[in-house]
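# Notes for the structure review
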Amino acid sequence: MTKALEGVRILDFTHVQSGPTCTQLLAWFGADVIKIERPGGGDITRGQLVDVKGADSLYFTMLNHNKRSITVDSKNPQGKFVIEELIKTCDVLVENFAPGALDRMGFTWEHISSLNPRIIVASIKGFGPGPYEDCKVYENVAQCTGGSASTTGFRDGPPLVTGAQIGDSGTGLHLALGIVTALYHRTHSGKGQRVSVAMQDSVLNLCRVKLRDQQRLKAGPLTEYSQFGEGIPFGDATPRAGNDSGGGQPGRILKCKGAPDDPNAYIYFITQAPVWEKICDVIGEPTWKTDPEYATPKARLPKLNEIFARIEAWTMSMTKFEAMDILNKYDIPCGPILSMKELAEDASLRNTGTVVEVDHPTRGKYLSVGNPIKLSDSVSEVKRSPLLGEHTEEILRDVLKLSPGQIGDIRQSGAIGGAREAAE
Ligand code: CAO
């Protein structure tokens, strides 16, 4: 069985989270991903949030599976030579440096494409062209500037950032799609092109339904928001909606047995209109099926607090898993709030490879999220992340076909680091 991206070579000039998530996905699909790191320390995440002294952090290992690592000083003339030679052999260069950093190294688009007209240069920046185009950006800044924070949280509380890394990993996903699209286009055009994704744009794309609601405000109050039932007027921007469902079917997070002492003893419950009658039977309110005050979605909208309070009285009598089992029998959409502990121990996620155990030479076994995208004819095998500079010699010798003498000269110049620098 061949891998979908076998034969594609990626020059991975990424660091921290957003870029590495993109190149990790491509590596899982079989691309040969060569990660360039600065000699000495490499990707800054190797040494961040360290839990095992002397070993690469989980932050690094969980974002850099299936890659090879070469350490090259891009500001050293011999290092520049190595990178130029790599550019000539690669299909894609991916980077997420601060704005202008790649140009300052001498690797402008013009220079890169003159070395290899077929190469695709893919970049992540915080913002697209405009007033903030020169700004450095991290995850939470993107969540705040892309519309996520202003629409997350409760109406009477401050804006909130979410645990899902929509700014970094979300942008990495967007970039990966841009890269495979440009690769496909190259099969017709024969030429490379630039692919750019701004973190603000990616977050806004993921917050699309909130821009929908912004425009709906012109037509009147957002009737599916709890705020409507509570009689609180709307302002001129999409408000924070707590745990209200973002779609047309009202939903809430409800307590189950154990809450609130157990912080995750909750279930998400959606009062989907087609199963309203089943909901009434399950919670013991059969008269709500025909009572005109409750029988239609429109009639229910101003009463959502009362309705969900009644459903919660029912969910509190059982665990979230018992509630899930009962509701599933009736096709009532719901989902338990699963903790990271529960997800880490989930047998079905292990069986599908979405949660994998990986062995690492300096840290031992650890858990990671594997490839969440499943292809029937290109199975992803998760391989451990590389040690710093682990493949420097191998890449110079086998990819660039340099002689031992040439490699010695480059090493002498200080342009490359030693193999297994992390262990030194
Ligand atoms: N050899 C020599 N120098 C190297 C090198 C190498 N192999 N790799 C990187 N460098 C240099 C860069 O050239 C740059 O030097 P100059 O500032 O002199 O041009 C320097 O290292 C620092 O790069 P940086 O500015 O990108 O890194 P930073 O830690 O200061 O900022 C970040 C990090 C993420 C804020 C910034 O890179 C950024 O805004 N990236 C775009 C948005 C993004 O992806 N953010 C998500 C990050 S994940 O949360």
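Residues numbered from 1 in each chain as written. Predicted model: local features only at pLDDT ≥ 70, side-chain atom pairs only at ≥ 80, totals over all residues. Heavy atoms only, no water.

## Section: the overall build of the protein
Check the secondary structure of the protein and you find 18 helices and 11 strands. Taking the principal axes of its C-alpha atoms as reference, the protein extends roughly 85 × 45 × 40 Å. For the protein, buried positions account for 46% of its 424 residues. Approximately 20600 Å² of the protein is accessible, and the part contributed by carbon and sulfur atoms is 56%. Across the protein, the 47 positively charged side chains and the 51 negatively charged ones have centroids separated by 2 Å. (Helix = DSSP H or I, 4+ residues; strand = E, 2+ residues; numbered from the N terminus. Buried < 20%, exposed > 50% of the residue type's maximum accessible area, 1.4 Å probe, protein only. Areas by Shrake-Rupley, 256 points an atom, 1.4 Å probe, with all protein chains shown as cover. Lys, Arg positive; Asp, Glu negative; His and termini not counted. Charge placed at Lys NZ, Arg CZ, Asp CG, Glu CD.)

## Some thoughts on the site of the ligand
By nearness alone, 23 residues border the ligand, and Arg38, Ala98, Lys136, Val137 and Asp168 come closest of all. For the ligand, the accessible surface in isolation is 950 Å², of which the surrounding protein chains cover 84%. Of the residues that constitute the shell around the ligand, the class distribution is nine nonpolar, six polar and eight charged. (Near = heavy atom within 4 Å. Nonpolar A, V, L, I, M, F, W, Y, C, P; charged D, E, K, R; others polar.)

## Considering the domain arrangement of the protein
Looking at the protein, the domain boundaries give domain 1 (9-206 + 344-412) and domain 2 (242-332). Each of domain 1 and domain 2 was reduced to a C-alpha centroid, and the two centroids are 42 Å apart. (Domains from an automatic or database assignment.)

## Observations regarding unusual backbone geometry
With the exception of glycine, most residues fall at negative phi, and the peptide bonds are largely trans. With an omega of 0 degrees, the peptide bond running from Ala259 to Pro260 counts as cis. By the secondary structure assignment, Pro260 is in the loop between strand S7 (251-255) and strand S8 (266-270). For Val16, which is not a glycine, the phi torsion comes out positive at approximately 60 degrees. Here Val16 shows up in the loop between strand S1 (9-13) and helix H1 (18-28). You can call Val16 buried: its relative accessible area is 12%. Even without a glycine there, the phi angle at Lys401 is positive, about 55 degrees. Inspection of the secondary structure assignment puts Lys401 in the loop between helix H17 (392-399) and helix H18 (404-412). Its relative accessible area of 65% is what places Lys401 among the exposed residues.

## Concerning the environment of Thr319
Structurally, Thr319 can be placed in the loop between helix H13 (304-315) and helix H14 (320-329). Not counting residues up to four positions away in its chain, the partners in contact with Thr319 are Cys256 and Lys257. (Contact = heavy atoms within 4.5 Å.)

## Quick notes on a nonpolar patch on the surface
Where nonpolar side chains cluster on the molecular surface, the patch consists of Leu173, Ile373 and Leu375 and spans about 240 Å² of accessible area. Turning to its location among the elements, Leu375 is positioned in the loop between strand S11 (364-369) and H17. Overall, the relative accessible area of 36% leaves Leu375 in the partly exposed class. (Patch = residues over 30% accessible without salt bridge, like charges linked within 9 Å, V, L, I, M, F, W, Y side chains within 5 Å. Salt bridge = Lys/Arg side-chain N within 4 Å of Asp/Glu carboxyl O.)

## With respect to the environment of Val275
Tracing the backbone through its elements, the reader meets Val275 in the loop between S8 and helix H11 (276-283). For Val275, a relative accessible area of 6% translates into the label buried. A C-alpha to C-alpha distance of 55 Å links Val275 and Gly42, two positions 233 residues apart in sequence.

## Re the side chain of Thr45
Positionally, Thr45 belongs in the loop between strand S2 (32-37) and helix H2 (58-61). With a relative accessible area of 0%, Thr45 lands in the buried category. For Thr45, the residues in contact, after removing those within four places along its chain, are Val16, Ser57, Tyr59 and Phe60.

## Observations concerning the nonpolar core
Among the nonpolar cores identified, the biggest contains 34 residues, and Ile10, Leu26, Val94, Leu175 and Ile179 are the most heavily contacted of them. Among the elements of the structure, H1, strand S4 (92-95), strand S5 (120-125), helix H7 (169-189), strand S6 (194-198), helix H8 (199-206) and strand S10 (355-360) are those that each provide at least two residues to this core. Membership of the second largest hydrophobic core comes to 30 residues, among which are Ile87, Cys90, Phe97 and Val121. (Core = buried A, V, L, I, M, F, W, Y, C linked by side-chain atoms within 4.5 Å.)

## Things to note about the pattern of salt bridges
The full count for this structure, using the stated rule, is 25 salt bridges. Note that Lys67 is salt-bridged to Asp12, the shortest N-O span being 3.3 Å. With Lys67 in strand S3 (residues 67-71) and Asp12 in strand S1, this residue pair connects regions lying 55 residues apart in the sequence. Like Lys67, the residue Asp12 is buried in the burial classification. We note a salt bridge from Glu230 to Arg155, for which the minimum N-O separation is 3.2 Å.

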